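Structure assessment
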Amino acid sequence: MEKMAEKQYLIEIEKSKEAADGRPSVGPVYRSVFAKDGFPVPPEGMGSCWDIFRISVENYPENRMLGHREIVDGKAGKYVWRTYKQVYDEVLKIGASIRSCGVDPGGRCGIYGVNCPEWIMSMEACNAHGMYCVPLYDTLGAGAVEFIINHAEVSIAFSEEKKVIEVLKTLPNTTNFLKTIVSFGEVTTEQKQESEKFGVAIYSWNEFLQLLTEKDVYLSYLPLAHIFDRVIEELFIYTGASIGFWRGDVKLLVEDIGELKPTIFCAVPRVLDRIYNGLTEKIAKGGLLKSTLFNVAYSYKQHNMQKGSKHEDAARIFDKIVFSKVKQGLGGNVRLILSGAAPLANHVEAYLRVVTCAHVLQGYGLTETCAGTFVSLPNEPSMLGTVGPPVPNVDVCLESVPEMGYDANSSTPRGEICIRGDTLFSGYYKREDLTKEALVDGWFHTGDVGEWQPNGTMKIIDRKKNIFKLSQGEYVAVENLENIYGLVPEIDSIWIYGNSFESFLVAVVNPNVQALERWAEEKGISGDYTALCSNLKAKEYILGELNKTGKAKKLKGFELVKAIHLEPEPFDMERDLLTPTYKKKRPQLLKYYQNVVDELYKSAK
């Protein structure tokens, strides 16, 4: 029987040829027979690994993609699956979080551990943003990992939970490049302390993914005309989340919150001050047993948070039986409270961090910088009273303000905050003079005075424009003084005034209603709140409390207020005394209270 011819799977496309320059000759060039008419054309739109994943998500969103066996009571159970769409949504969060750590396209991301869903998702996040994925075999030890991190210049490393210890062993030898470690599982307190000792941030998987989701709900009540609210709402729209609007009446705001149940609550300090005052007043009236229980719970949770516990782990029992009532007052679902537009008092921020069962963060930015330029981080007690570090897409420097005694090059750098980056505005419309004044060599001069903290965060301490000289030649930073006097619990708000023709300061004060009425009851003084504000003894009492705090904070003699007017009607927008974000309009305040100011100086002399 004749032997069957073998099938040929190659075709010759080029003949043998002699090589130049004395090199060996080159044999024939072959190609697969399946490509005899040319190489296959790749599917349309399939130009990268990210396209492979993205197109599959579009075509098979509900198909099972990544599965792992669930561990129940230490035993492996059934496979638990993530669909293509679920994986895609998580990859988007990972990518955004990587970028927020300052890793740009072209950056190097290490992945260290056994095969698991998190490995694939981390890789896809790199693909999505054009970053290089640097794989680290799970069999490698600390020495090899150290070499690869340094050689490849890896700036962020994802690691299997049990391999985190090996990554930590590479510190500090890898800190020239490695800035962030992300565990596929949890991170211990000791591991956090070890990494932070070398200036490397470390996150558990869930911490790293704290971003907005389509299930988040936002209450829109801050003015949409202000950049703070605009940017937040743009973010919610981008995420596919929900925005509910208030009814426009501040008296009904609490009811709107209770009905909407927001998950993110943005506020200006004046709103948070009111929440703080309402809570402390309610606790004071709750009786000895309730107030004692609250104070014990508060001290216990605060102590644990200062030791490094996350707010959700610091006092779980007290959260359920004590602080849950505060949480319900904000609708029951709030997990993040973000304060902006003005500095938030330390005691208010510290208090709300404990009692609201939510992250309480401060941010800083301006319309000219497209809002957020600094923002503090969750579960970082050292950031109390600061607006956190700069966001990854800006440069920041301080410029000395000699007339205010602020030196940007001192051991504690202080000066005007200047910002540079692509998020800056291009200039003021039809005001080239103001544009040239504010934008110098690409740096935007904010007018706010900041102080760098040892941990790299910024503290807002003053406002450059709100300074004036008294008749004796002393400069007064009025905003700083108002922040200090604002610590007095007997007042709600204070406006301080002075000028170069006078040697001392005067002020208009909104007393706290409950505090003033309580004082009057103790002193046996009759009259309603408005009448008490006109009472000479009440003025002496409030002035005494102000100066007691001033002296405790070591203010200089010329910084102490000499005369005050008690104003029963709070400063408001209706009389054009406040901006929509509750900042004081100083020229308008002076115009409105000019007669009061004149009388205060006259009577004090």
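Quick caveat: nothing in here was measured; it's all calculated off a predicted structure. (Residues numbered from 1 in each chain as written. Predicted model: local features only at pLDDT ≥ 70, side-chain atom pairs only at ≥ 80, totals over all residues. Heavy atoms only, no water.)

1. Section: the pattern of salt bridges
- One pass over the full model with this rule turns up 29 salt bridges.
- Asp 313 is the partner of Arg 316 in a salt bridge, and the nearest nitrogen-oxygen pair spans 2.3 Å.
- Since its relative accessible area comes to 38%, Asp 313 is described here as partly exposed.
- Salt bridges sharing common partners tie together Glu 479, Glu 482, Lys 584 and Arg 586. (Salt bridge = Lys/Arg side-chain N within 4 Å of Asp/Glu carboxyl O. Buried < 20%, exposed > 50% of the residue type's maximum accessible area, 1.4 Å probe, protein only.)

2. Regarding the nonpolar core
- Core analysis: the biggest nonpolar cluster contains 44 residues, and Phe 265, Phe 323 and Val 355 have the highest contact counts within it.
- Counting residues per element, this core draws most heavily on helix H13 (residues 346-355), at five residues.
- Not counting the four nearest positions on each side in its chain, Val 355 is found in contact with Leu 279, Phe 294, Tyr 298, Phe 323 and Val 326.
- Counting residues in hydrophobic clusters, the runner-up holds 30 residues, among them Phe 468, Leu 505, Ala 507 and Ala 520. (Core = buried A, V, L, I, M, F, W, Y, C linked by side-chain atoms within 4.5 Å. Helix = DSSP H or I, 4+ residues; strand = E, 2+ residues; numbered from the N terminus. Contact = heavy atoms within 4.5 Å.)

3. What about the packing of aromatic side chains?
- Applying the stated criterion across every chain yields a total of 27 aromatic pairs.
- For the ring pair Phe 294 and Phe 323, a centre distance of 5.6 Å and an interplane angle of 80 degrees mean the geometry is edge-to-face. Here Phe 294, found in helix H11 (residues 288-306), pairs with Phe 323, found in helix H12 (residues 316-329); they are 29 residues apart in sequence, far enough to count as distant.
- Residue Phe 294 is classed as buried on the basis of its relative accessible area of 7%.
- Given the relative accessible area of 0%, Phe 323 is considered buried.
- Ring pairing ties together the aromatic residues Phe 158, Phe 184, Tyr 203, Trp 205 and Phe 208, which thus form one cluster. (Phe/Tyr/Trp six-rings, centres within 6.5 Å; stacked < 30°, edge-to-face > 60°.)

4. Regarding the packing of H11 against H13
- Direction vectors running N to C along H11 and H13 enclose 100 degrees, while the axes themselves pass 9 Å from each other. If you check the angle between H11 and H13, you find them roughly perpendicular. Residues Phe 294, Tyr 298, Lys 301, Gln 302 and Met 305 of H11 form the contact with H13, whose participating residues are Ala 350, Tyr 351, Arg 353, Val 354 and Val 355. (Axes fitted to C-alpha atoms, helices over the stretch in contact; angles between N-to-C directions. Parallel < 35°, antiparallel > 145°, perpendicular 65-115°, else oblique.)

5. A short note on the packing of helix H1 (residues 49-59) against helix H3 (residues 117-128)
- One can describe the packing of H1 onto H3 by two numbers: an axis separation of 8 Å at closest approach and a directional angle of 110 degrees. As summarised for this structure, H1 and H3 are arranged roughly perpendicular, according to the angle between their axes. For the pair H1 and H3, the sense of crossing is left-handed. Between H1 and H3, the residues in contact are Cys 49, Trp 50 and Phe 53 and Glu 124, Asn 127 and Ala 128, respectively.
- For the contact of H1 with H3, the class distribution of residues is four nonpolar, one polar and one charged. (Left-handed = near helix turned anticlockwise from the far one by under 90°. Nonpolar A, V, L, I, M, F, W, Y, C, P; charged D, E, K, R; others polar.)

6. Thoughts on the confidence of the model for the protein
- Averaged over every residue, the pLDDT of the protein is 87; the share at 70 or more is 97%.
- Averaged pLDDT values for the elements of the protein fall to 74 in strand S2 (residues 29-32) and rise to 95 in strand S7 (residues 156-159). (pLDDT = per-residue confidence, 0-100.)

7. So, helix H18 (residues 536-552)
- Taking 1.5 Å of rise per residue, the 17 residues of H18 would be expected to cover 24 Å, and the 24 Å separating its terminal C-alpha atoms lies within 8% of that figure.
- Those residues of H18 that fall on the buried side of the exposure criterion are Ala 538, Ile 542, Leu 543, Glu 545, Leu 546, Asn 547, Thr 549 and Gly 550.
- For H18, the secondary structure elements touched by its buried residues are helix H15 (478-485), strand S23 (491-497), strand S24 (505-511), helix H16 (513-523), helix H17 (529-533) and strand S25 (561-566).
- Residue Asn 535 occupies the N-cap position of H18, its side-chain oxygen lying 2.8 Å from the main-chain nitrogen of Lys 537.
- Two residues or fewer past H18, Lys 554 is found with a positive phi of approximately 60 degrees. (Expected span 1.5 Å × (residues − 1). Polar contact = N/O pair within 3.5 Å; in protein donor to acceptor, adjacent residues only side chain to side chain.)

8. A look at the environment of Arg 54
- One can find Arg 54 in helix H1.
- Remark: the alpha-carbon pair of Arg 54 and Phe 444, spanning 390 residues in sequence, is separated by 39 Å.
- A distance of 3.0 Å separates polar atoms of two side chains, one belonging to Arg 54 and the other to Asp 51.

9. Topic: H16
- Where H16 is concerned, the buried positions are Ala 515, Leu 516, Trp 519 and Ala 520. An end-on view of H16 places all buried positions within 135 degrees of arc, on one side of the element. Exposed and facing more than 90 degrees away from the buried side of H16 are Glu 521 and Glu 522.
- Those residues of H16 that are buried are in contact with S24, H17 and H18.
- Two residues or fewer past H16, Gly 524 is found with a positive phi of approximately 70 degrees. (Arc of directions from axis to C-beta.)

10. A word on the sheet that holds S23
- Pairing within the open sheet is mixed, and its three strands lie in the order S23-S24-S25. In this open sheet, the two edge strands, each paired with only one partner strand, are S23 and S25. With direction set aside, neighbouring strand axes in the sheet form an average angle of 30 degrees.
- Along the sheet, H15 contacts S23, S24 and S25; its crossing angle with S23, the most-contacted strand, is approximately 155 degrees. (Pairing = 2+ DSSP bridges.)

11. Remarks on the sheet that holds strand S8 (residues 180-183)
- Taken in spatial order, the five strands of this open sheet run S6-S5-S7-S8-S9, and their pairing is parallel. The sheet terminates laterally at strand S6 (132-136) and strand S9 (201-203), the two strands that pair on one side only. Strand-to-strand twist in this sheet, taken as the mean axis angle between neighbours without regard to direction, amounts to 20 degrees.
- Across four bridges, strand S5 (residues 108-112) lies against S7 in parallel orientation. Paired with Gly 110 across the strands is Ala 157, a residue of S7.

12. Points about the pairing of strand S12 (residues 264-267)
- Residues Ile 264 and Cys 266 point to one face of S12 and Phe 265 and Ala 267 to the other, with burial holding for every one of them.
- Both S12 and strand S13 (residues 336-339) contribute to a ladder of four bridges, which runs parallel. What sits directly across from Ala 267, in S13, is Ser 339.

13. Points about the side chain of Thr 549
- Inspection of the secondary structure assignment puts Thr 549 in helix H18.
- For Thr 549, the contacting residues outside a window of four places in its chain are Ile 484 and Val 488.

14. Some details on the environment of Gly 45
- By the secondary structure assignment, Gly 45 is in the loop between S2 and H1.
- Residue classification places Gly 45 among the partly exposed positions, given a relative accessible area of 43%.
- With ten residues separating them along the chain, Gly 45 and Ile 55 place their C-alpha atoms 8.5 Å apart.
- Ignoring anything within four residues of it in the chain, the contact list for Gly 45 reads Asp 51, Arg 54 and Ile 55.

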